[in-house]
Amino acid sequence: VSKVSDPEIVKSLQSNLQASCIEETILSASPTDMEYIYWVTGEGLPPFFADKAGKYIIQGQIIAIGEPTPIDISAAFIADSAQQALKTVDKKDMVIYPAKGETKSVLYAFTDADCGYCRKMHEEMADINARGIEVRYLAWPRSQESVPKMEAIWCSEDRNAAMDQAKMGADVQGPSCDNPVQQQVELGAALGVRGTPAVFTQTGEQVGGYLPAAELARAVGIN
């Protein structure tokens with residue numbers, strides 16, 4: 001299915017929203033596997049489905065059946081959006097734990113230093129890296145109380161060392177600096193992150209939650 005947006009449907013949706021006194025900007029309307037149903041994105045809006053006339057907004061899942069495995073037809077669009085969004089994050093704004101030897105997979109993990117399952121994942125980082133997986137951390141403090149610690153990590157001269165200490169429960173201190181923590185929180189929220197760790201592949205698919213290293217490797221096709 002083409003992911004190319006149909007400008008006529010964008011125009012119709014925009015017009016009908018304005019007629020209903022809804023001041024939102026539609027960005028794209030792409031055809032799905034379901035005839036006459038489109039996947040729609042807008043500024044500051046969660047994506048939704050709409051009909052070809054741009055008259056109806058459909059919220060929720062549409063599941064294709066008839067094959068051995070039911071398919072959520074929005075999954076490919078959600079993954080593509082996440083992939084494009086994650087590509088915009090500069091590597092210098094992440095805390096990266098590279099693979100040992102050949103890099104077989106790259107994962108993005110929204111993390112919080114005070115999150116128990118994030119700490120469990122971090123305890124297995126050497127094992128994860130040894131399996132050929134590079135982990136790129138993005139900041140996602142789950143509460144305002146965690147924000148200063150996350151900012152201190154990102155403002156540290158050695159972010160990896162600061163992250164290691166924070167994941168062991170240390171009260172990390174760092175200088176104030178311009179940092180991407182709030183921007184990454186907003187990115188995570190836009191991608192549907194509601195808890196940590198939230199782990200995405202380079203193709204934008206969310207593979208977890210916390211998974212033990214061996215299960216994480218299997219989830220990305222590494223045996």
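Anything mentioned here points back to the structure above.
Residues numbered from 1 in each chain as written. Predicted model: local features only at pLDDT ≥ 70, side-chain atom pairs only at ≥ 80, totals over all residues. Heavy atoms only, no water.

### Focus on the pairing of strand S9 (residues 133–139)
For S9, a buried count of 7 out of 7 residues is recorded, marking the element as mostly surrounded by other parts of the structure. Across the two faces of S9 the burial is the same, with Ile133, Val135, Tyr137 and Ala139 and Glu134, Arg136 and Leu138 all buried. Taken together, the 3 bridges between strand S7 (residues 95–97) and S9 define a ladder with antiparallel strand orientation. Opposite isoleucine 96, over in S9, you have arginine 136 as the bridge partner. Both strand S8 (residues 105–111) and S9 contribute to a ladder of 7 bridges, which runs parallel. Bridge assignment links alanine 109 to a residue of S9, and that residue is tyrosine 137. (Buried < 20%, exposed > 50% of the residue type's maximum accessible area, 1.4 Å probe, protein only. Helix = DSSP H or I, 4+ residues; strand = E, 2+ residues; numbered from the N terminus. Pairing = 2+ DSSP bridges.)

### A look at the pairing of strand S3 (residues 45–51)
Examined bridge by bridge, strand S2 (residues 37–42) and S3 share 5 bridges and lie antiparallel to one another. Within S3, the position partnered with tryptophan 39 by the bridge is phenylalanine 49. With 2 bridges joining them, S3 and strand S4 (residues 57–58) adopt antiparallel strand pairing. Bridge assignment links phenylalanine 49 to a residue of S4, and that residue is isoleucine 58.

### Re the packing of aromatic side chains
Across all of its chains, the model carries 5 aromatic pairs by this definition. Between tryptophan 39 and phenylalanine 49 the ring centres are 5.0 Å apart and the planes differ by 65°, which places this aromatic pair in the edge-to-face class. Here phenylalanine 49 lies in strand S3 and tryptophan 39 lies in strand S2, a separation of 10 residues in the sequence. Here the two residues tryptophan 39 and phenylalanine 49 agree in accessibility, since each one is buried. Judged by centre distance (5.9 Å) and plane angle (80°), the rings of phenylalanine 110 and phenylalanine 200 are edge-to-face. Here the residue phenylalanine 110 occupies a position in strand S8, and phenylalanine 200 occupies one in strand S10 (residues 198–201), the gap between them amounting to 90 residues. Chaining the aromatic ring pairs together yields one cluster made of Trp39, Phe49 and Phe77. Between lysine 167 and the ring centre of tyrosine 137, over which it is positioned, the NZ or CZ distance is 4.9 Å. (Phe/Tyr/Trp six-rings, centres within 6.5 Å; stacked < 30°, edge-to-face > 60°. Lys NZ or Arg CZ within 6 Å of the ring centre and 35° of its normal.)

### Details of the state of the cysteines
Taken as a whole and judged by the stated rule, the model has 1 disulfide. Covalently, cysteine 155 is tied to cysteine 177 through a disulfide, its sulfur atoms 1.9 Å apart. In this structure, the disulfide formed by cysteine 155 and cysteine 177 twists by about -90° around the S-S bond and is classed as left-handed. Of this pair, cysteine 155 sits in the loop between helix H5 (147–154) and helix H6 (159–167) while cysteine 177 is found in the loop between H6 and helix H7 (181–190), placing the two residues 22 residues apart along the sequence. (Disulfide = S-S within 2.5 Å.)

### Side note on the side chain of threonine 32
Along the chain, threonine 32 turns up in the loop between strand S1 (26–31) and S2. For threonine 32, a relative accessible area of 8% puts it in the buried group. Only 3.1 Å separates the side chain of threonine 32 from the backbone nitrogen of methionine 34, close enough to count as a polar contact. (Polar contact = N/O pair within 3.5 Å; in protein donor to acceptor, adjacent residues only side chain to side chain.)

### Side note on the sheet that holds S3
The strand order S1-S2-S3-S4 describes an open sheet built from 4 strands, whose pairing is antiparallel. If you trace the sheet from one side to the other, it starts and ends with S1 and S4, each paired once. For S1 and S2, the ladder comprises 5 bridges, and the chain directions are antiparallel. Among the inter-strand pairings, isoleucine 26 is bridged to a residue of S2, identified as glycine 42. Those strands touched by helix H1 (residues 7–19) are S1, S2, S3 and S4, and its axis lies near 130° from that of S1. (Contact = heavy atoms within 4.5 Å. Axes fitted to C-alpha atoms, helices over the stretch in contact; angles between N-to-C directions.)

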